[in-house]
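Take a look at the letters that make up each chain.
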Amino acid sequence: MSFKNSLLFVLIFFSAQILVAQTNFKFDSLKNVLQKSDDTAKARIYNELAWAYRNSEPQKTSDFGKLAVNYAKKYENYKELATAYGYLGVAYRNFGNFRQAMEYYDLGLKICEENNLVSLKGYAYINIGNIYLYKEDYDKAFENLNKALELSKALNDKEMEAYCCLNIGRANLLNHEIDVALVFLNKALQIRLESKNLSGASVCYNYIGDAYLEKNEVDKALEIFFTAQKNVDSKFDKDIVSDILSKTATIYISKNQYETAETYAKQALEISLETHNPARIRKAYETLTDLNRKNGNLKDAVKYQDFVKLYNDSVYKKELSEKISNLQFGLDQDKKDVLIKNLNEKKELQAKSLRQQNRLIVMLFVILGLVAVIIVVIIRQNRHRQRANFLLSKQHSEILEKNQELHSQNEEITAQRDEISKQKEILSAHRDELELKNDEIIKQAQKITDSIIYAQRIQNALLPPENLLKTLLPEYFILFKPRDIVSGDFYWVKQNEENLIVVLADCTGHGIPGAFVSMLGMSILNEVVENTTIRTAAEILESMRTHIKLSLRQSKELESQDDGIDMALCIFSKKTLEMQFAGANNGIYLIRDNQIHVYSATLNPVGIYFREIPFKNNIIQLQSGDSIYLYSDGFIDQFGGEDGRRFMSQNFKTMILENSAQPMSIQKTIFEKVLQNWQGNGRQIDDISLMGIRF
């Protein structure tokens, strides 16, 4: 992760904490006011609570909305009643029950029209437009949203105008009109930033980021998602936070920045689990599966894929339930239309009949004695009756046709259910097959692990035993942490006449390849020291370089054979306290009088190198109380801390200097704790070795 992105991540984190603290204070204040308020004010307070929970806990929105309806009806507060119906519609929309949501929206619109609540009428049009967006009926969605936009401009209501522009932008985005969508989304963003509505602005940024993803401008989309994270209310907009984090992780996967992608993907999973939204949880597991598959971590990829299948079933059932609910909604609307038509026709017939009766009464009183006129009237009545019977017969035929159509739709739904059952059986068979393959992989992995553990026993047997170290070294500690059971680092101690030789080495690679090179290095050290008359530290490294190149058949013609060893080698004279030091890429630290002295290494490995230079032999006169530290680069390069960065050599030197006065055994404990706190739950990236000796 670049410094710019790291800094932005820290700012986002602390901004989110401030937003959460402000939101918690607001809710506590509302609850305190609710307890102290009389009944006439409770409808408004319950509405505010319902709105706040709409994106995090829709069930609470439903509960508070119904309480608001009761108090608004009791005190004939039609403004709060219309508002409560709108919030109940939002809650049921988030549940996926669009039929019930539309009923509440219609009730709210009716209250607004009856009581001339123009502003709330605009929000009712917005809500109804949203329902048509979910039904993918974009014509009706645009019709209602444009009505709301006209009202917002007539009222000069900027907040309502922002909602209209946001949802018109969404509609165009879903309709793949990306440039048009960006015009409306940016207009909504501008209004909300001017009014300092940061939570609303984060929603705009989220959809603007989606638009740039559709345009394949991933860097621009990533920048916008970071801005959305900075402004979003992380406690009460968890659904949006999870969506943003998943899309951010997906972008980093496409950039092959897997460690950064893993951080965002795991945050997305954690937050989506809190929302209990199966679609968001499935998306987070899909992102983690894709990350581990591309990163070569097949075991975790299979594990996360199992969760994807689990939530696929959950989401599929939810989507099927929503489709059935939408179908039922359509059928109910058709039934209502037929019922209204029948009632209107019946009303018209009744009105005609009443008019005819009045006409007869007038005629009877005016021309009571005219029988001929009475006969004409009777004939006309019979004709009207025949016409009415004809209309009723026609309506009966239409009803029969509707019933036949409903029967056909029911058969189609039954066929779809049977197909779903078959697909479920196929998925179950695939899952069983994957479980068998997973069991086989686990068994093979266990065999490999057992072999590596046995190799660890062999490698440990080659390292100097603790009783020998206690005999040869005055006061010391060794911090030795392999990354993968066996290590590419090793330490080596040998008493040679009056001199003591101490080595700490870091071989190319880690795990099994590094362990092979480390055992070769220890073998060559034994041969060089015991079978030659070499007397200086630099000569030992030169001899080892020759042996390594011969053993690994390295030559400049085979540039790919770049295996080698970085090491620090010290020779101590027990009589004179004189120390020789030669280093191949690895230096040492000397602590004297609470000051640190750095002795750098020759920038060559022990092995083949494109520009080989002689190793430098350093002679240092030690004093009583001096401390020498030999180390590999594993501790310095370890990622960790709040920002996920490297430990770095400056922090490493400061840690050693600040604790150098402690006994060596206490230093080891302190350094292990520092490493553990820095690494946290992160992955160890390399073998780690550190040796301290005090004279």
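Above this text is the structure in question.
Below, the structure is looked at part by part. In this convention, every chain numbers its residues from 1, walking through the sequence in written order. Where totals are concerned, whole chains, interfaces and linings use all residues; where local detail is concerned, this predicted model gives features only for residues with pLDDT of at least 70, and gives and counts side-chain atom pairs only at 80 or more. Calculated side-chain values reflect all of the structure's heavy atoms, with hydrogen atoms and water omitted.

### Some points on the overall build of the chain
The secondary structure listing takes helices from DSSP runs of H or I that are at least 4 residues long and strands from runs of E that are at least 2 residues long, numbered from the N terminus. Scanning the chain from terminus to terminus reveals 22 helices and 13 strands. Expressed as a percentage of the 695 residues in the chain, the buried residues total 41%. The contact criterion used throughout is that any non-hydrogen atoms of two residues lie within 4.5 Å. Counting contacts in the chain only where the partners sit at least 6 residues apart, residues at least 24 apart contribute 63% of the total. All accessible-area figures derive from a Shrake-Rupley calculation using a 1.4 Å probe, and residue coverage is judged against the displayed protein chains alone. When the accessible surface of the chain is totalled, it reaches about 38,600 Å², and 53% of it is carbon and sulfur. Partly exposed describes any residue whose relative accessible area lies between the buried limit of under 20% and the exposed limit of over 50%, with all areas from a 1.4 Å probe on protein chains only and scaled to the type maximum.

### So, the nonpolar core
What tends to happen in soluble globular proteins is that the nonpolar side chains get buried as a cluster. Ranked by size, the top nonpolar core spans 93 residues in total, and within it Ile-126, Ile-208 and Tyr-285 carry the most contacts. Apart from residues no more than four positions distant in its own chain, Tyr-285 is found in contact with Leu-269, Tyr-304, Phe-307, Val-308 and Tyr-311. We call a set of buried residues a nonpolar core when its members are Ala, Val, Leu, Ile, Met, Phe, Trp, Tyr or Cys and they connect through side-chain atoms within 4.5 Å of each other. Val-503, Val-529, Ile-565 and Ile-588 belong to the second largest nonpolar core, which has 50 residues in total.

### Notes on the environment of Tyr-589
Within the secondary structure, Tyr-589 sits in strand 6 (residues 588-592). Along the chain, Tyr-589 and Gly-692 lie 103 residues apart, while their C-alpha atoms are 9.4 Å from each other. With sequence-adjacent residues up to four places away left out, Tyr-589 is seen in contact with Ile-596, His-597, Val-598, Ser-627, Ile-628, Tyr-629, Tyr-631, Phe-652, Lys-653 and Ile-656.

### Concerning the sheet that holds strand 10 (residues 627-631)
Note on pairing: DSSP must find at least two bridges between two strands before they are called paired. Spatially, 5 strands are ordered 1-13-10-6-7 in an open sheet, and the strand pairing comes out antiparallel. The strands lining the two open edges of the sheet, one partner per strand, are strand 1 (475-481) and strand 7 (595-599). The sheet shows a mean angle of 15 degrees between the axes of neighbouring strands, direction not considered. Looking at chain direction, strand 6 and strand 7 are connected through 5 bridges and run antiparallel. Across the sheet, residue Ile-588 finds its bridge partner in strand 7, namely Tyr-599. In the packing of helix 21 (residues 649-659) onto the sheet, contacts are made with strand 6, strand 7, strand 10 and strand 13 (688-694), and the angle to strand 6 comes to roughly 35 degrees. The axes are straight lines fitted to the C-alpha atoms, using for helices just the contacting stretch, and the angles between their N-to-C directions are given from 0 to 180°. Relative to the sheet, helix 22 (residues 664-679) contacts strand 1, strand 10 and strand 13, its axis offset from that of strand 1 by approximately 25 degrees.

### Overview of the pattern of salt bridges
We define a salt bridge as a side-chain nitrogen of Lys or Arg found within 4 Å of a carboxyl oxygen belonging to Asp or Glu. Scanning all chains against the criterion turns up 25 salt bridges. Put simply, Lys-247 and Asp-210 hold a salt bridge, and the shortest N to O gap is 2.6 Å. Pair noted here: Lys-247 is in helix 12 (residues 238-254) and Asp-210 is in helix 10 (residues 198-214), with a separation of 37 residues, a long-range link. Take Lys-247: its relative accessible area is 11%, and that puts it in the buried class. Classification of Asp-210 by relative accessible area gives buried; the value is 17%.

### Looking at helix 10
For helix 10, spanning 17 residues, the distance from its first C-alpha to its last is 24 Å, which sits close to the expected 24 Å at 1.5 Å a residue. When you tally the buried positions in helix 10, you get 12 out of 17 residues, the bulk of the element. Those residues of helix 10 hidden inside the fold are in contact with helix 8 (158-174), helix 9 (178-194), helix 11 (218-231) and helix 12. Looking at the residues trailing helix 10, positive phi occurs at Asn-216, about 65 degrees. Helix span is expected to be 1.5 Å times the residue number reduced by one.

### Here's the deal with the packing of aromatic side chains
Ring pairs shown here join Phe, Tyr and Trp side chains whose ring centres sit within 6.5 Å, with only the six-membered ring taken for Trp; geometry is labelled stacked below 30 degrees between planes, edge-to-face above 60, and tilted in between. The final tally for this structure, using the stated rule, is 23 aromatic pairs. Judged by centre distance (6.1 Å) and plane angle (50 degrees), the ring pair of Tyr-589 and Phe-652 falls under tilted. Of the two residues, Tyr-589 sits in strand 6 while Phe-652 sits in helix 21, which places them 63 residues apart along the sequence. Every member of this aromatic cluster is reached through a ring pair, and the members are Tyr-589, Tyr-631, Phe-635, Phe-647, Phe-652 and Trp-678. Here the guanidinium or amino end of Arg-192 rests over the ring plane of Tyr-163, the centre of that ring lying 4.6 Å away. Sitting over a ring, as applied to charges here, requires NZ of Lys or CZ of Arg to be within 6 Å of the ring centre and within 35 degrees of the ring normal.

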